[in-house]
Amino acid sequence: MSVLIEASDLQAHYITQSYGVQRTVKAVDGISLQIKEGEILSIAGESGCGKSTLLKTLLGSVEPPLRIIAGNIQYNFSQQKFDLSSTSADNLREIRWSLISYIPQGSMQVLNPVRKIVDTFHDFISTHKKINKNATKKLAQDYLNQLGLSSDIMNVYPHQLSGGMRQRVTIALATVLSPKLVFADEPTTALDVLVQRGVVQLLKEIQQREGNTLVLVSHDMGVHANLADRIAILYAGKLVEIGDAKSVFKKPKHPYTQYLIESLPRLGDRSERISIPGRPPALDQPPTGCRFHPRCPHVQDKCKEEVPPLIAMGNGQKVACFLAEDQI
Ligand SMILES: Nc1ncnc2c1ncn2[C@@H]1O[C@H](COP(=O)(O)OP(=O)(O)OP(=O)(O)O)[C@@H](O)[C@H]1O
Ligand SMILES: [Mg+2]
């Protein structure tokens, strides 16, 4: 699989001023990763670990108080290769819709409440393509039908749809122009479990049909277990583990990943799930050394002082833990 995005040593901070005091939240702190063409890459971690910030950084969708402090992002679409930092805002806007689509967190509100679905599709498609209203209607209708969604929904307002249906429509809208790369931030959150499954299935179907690349952010490991080809685990602004999803779920190497997986409910198992003690740290004053050390059951002195580097374990799995180093 060829590498679609090569991101190295990304640093993205929220820099705010309050009563003359500057506060720097290091939400993305030295993350390097690759996104491969045609894969589903899942990004996991508890709330506040920097998942959404990482997506925004990868997309170049960065507004104050967020600032990219350092790092490099290289995009390698077969149609276009470019370095994000040296691409103009206009160019980026164009690329963003023809090649890249982004479903932001909380996107249930993306649909305009005072416009019928058909008009929202028209607004969206016509900003990116020279096309008349009948043609956009036909395009949207055909696409919704392909996805198994009734085209009757074109004639209703968003509030007339259920939450799950609204989210499906949002996904359809984001993918109707066949983007090569789709970023989806928590697309299933706020939906009940059964509805979530349908939405996950829809994302998977689109990805399989189009062969595009999907980067999916969720704090829900169950969603990742069903969907991911590879999974990246973030903790407190750092990448702590990444690898093939099957290997990571089978043999998680980082104690944080182990906790995340152990806290997953299992079919037929009614015993109480282990929840992770404590909470992720505030990112303006993260712990020294390994950021997970105050919560880690295996903590050693070294972990409190030194930052563990991300090291390759051989099977494509990489992990940032001194403990794992001994297992190579
Ligand atoms: N506008 C902002 N100003 C200052 N700090 C921010 C801002 N937005 C986010 N942060 C902080 O940046 C860190 C990472 O936030 P981010 O939203 O990326 O996390 P997340 O993993 O997406 O969380 P969630 O699962 O809740 O969506 C958090 O500590 C958060 O408090
Ligand atoms: Mg988020």
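All figures in this text were calculated on a predicted structure; none of them were measured in a lab.

Note that strand β1 (residues 3-18) and strand β2 (residues 21-36) share 13 bridges and pair antiparallel. Residue pairing across strands places T16 opposite R23, the latter belonging to β2.

Moving on to the coordination of the magnesium ion (ligand 2). Around the magnesium ion (ligand 2), the donor atoms from the protein are S52 (OG) and Q105 (OE1), and they sit 2.0 to 2.2 Å away. Of this pair, S52 sits in helix α1 (residues 51-59) while Q105 sits in the loop between β6 (100-103) and α3 (117-128), placing them 53 residues apart in sequence.

Around ligand 1, 15 residues are found, and the nearest of them are S47, G48, K51, S52 and T53. Taking K51, its side chain carries an N or O atom lying 2.8 Å from an oxygen atom of ligand 1. Computed on the free molecule, ligand 1 has an accessible area of 640 Å², of which 69% lies beneath the protein chains in the complex. Residues that form the shell around ligand 1 fall into these classes: six nonpolar, six polar and three charged.

Tallied over the entire structure, the rule returns eight salt bridges. In this structure, the salt-bridge partner of R23 is D284, at a minimum N-O distance of 2.9 Å. Taken together, the residues R23 in strand β2 and D284 in the loop between α9 (255-262) and α10 (301-305) connect sequence positions 261 residues apart. Exposure remark for D284: the relative accessible area of 29% places this residue in the partly exposed category.

Counted by the stated rule, this structure contains seven aromatic pairs. An aromatic cluster is defined as three or more aromatic residues linked by ring pairs; in this entry it consists of Y235, Y256, Y259 and F292.

Attention shifts here to the sheet that holds strand β8 (residues 213-217). Backbone hydrogen bonds hold the strands of a sheet together, and the pairing may be parallel or antiparallel. Spatial ordering of the open sheet is given by β6-β7-β8-β3-β9-β10-β12-β11, a layout of eight strands whose pairing is mixed. Both outer strands of the open sheet, β6 and β11 (311-312), are each paired with one neighbouring strand and no more. When strand β10 (residues 238-244) meets strand β12 (residues 318-319), the two strands line up antiparallel, connected through two bridges. Bridging across to β12, E241 finds its partner in V319. Lying over the sheet, α1 contacts β3 (40-44), β6, β7 (181-185), β8 and β9 (230-235), oriented at roughly 155° with respect to β7.

What counts and how
- Residues numbered from 1 in each chain as written.
- Chains lettered and ligands numbered in written order.
- Predicted model: local features only at pLDDT ≥ 70, side-chain atom pairs only at ≥ 80, totals over all residues.
- Heavy atoms only, no water.
- Pairing = 2+ DSSP bridges.
- Helix = DSSP H or I, 4+ residues; strand = E, 2+ residues; numbered from the N terminus.
- Donors = N, O, S within 2.8 Å, 3.2 Å for Na, K, Ca; no water.
- Near = heavy atom within 4 Å.
- Polar contact = N/O pair within 3.5 Å; in protein donor to acceptor, adjacent residues only side chain to side chain.
- Areas by Shrake-Rupley, 256 points an atom, 1.4 Å probe, with all protein chains shown as cover.
- Nonpolar A, V, L, I, M, F, W, Y, C, P; charged D, E, K, R; others polar.
- Salt bridge = Lys/Arg side-chain N within 4 Å of Asp/Glu carboxyl O.
- Buried < 20%, exposed > 50% of the residue type's maximum accessible area, 1.4 Å probe, protein only.
- Phe/Tyr/Trp six-rings, centres within 6.5 Å; stacked < 30°, edge-to-face > 60°.
- Contact = heavy atoms within 4.5 Å.
- Axes fitted to C-alpha atoms, helices over the stretch in contact; angles between N-to-C directions.

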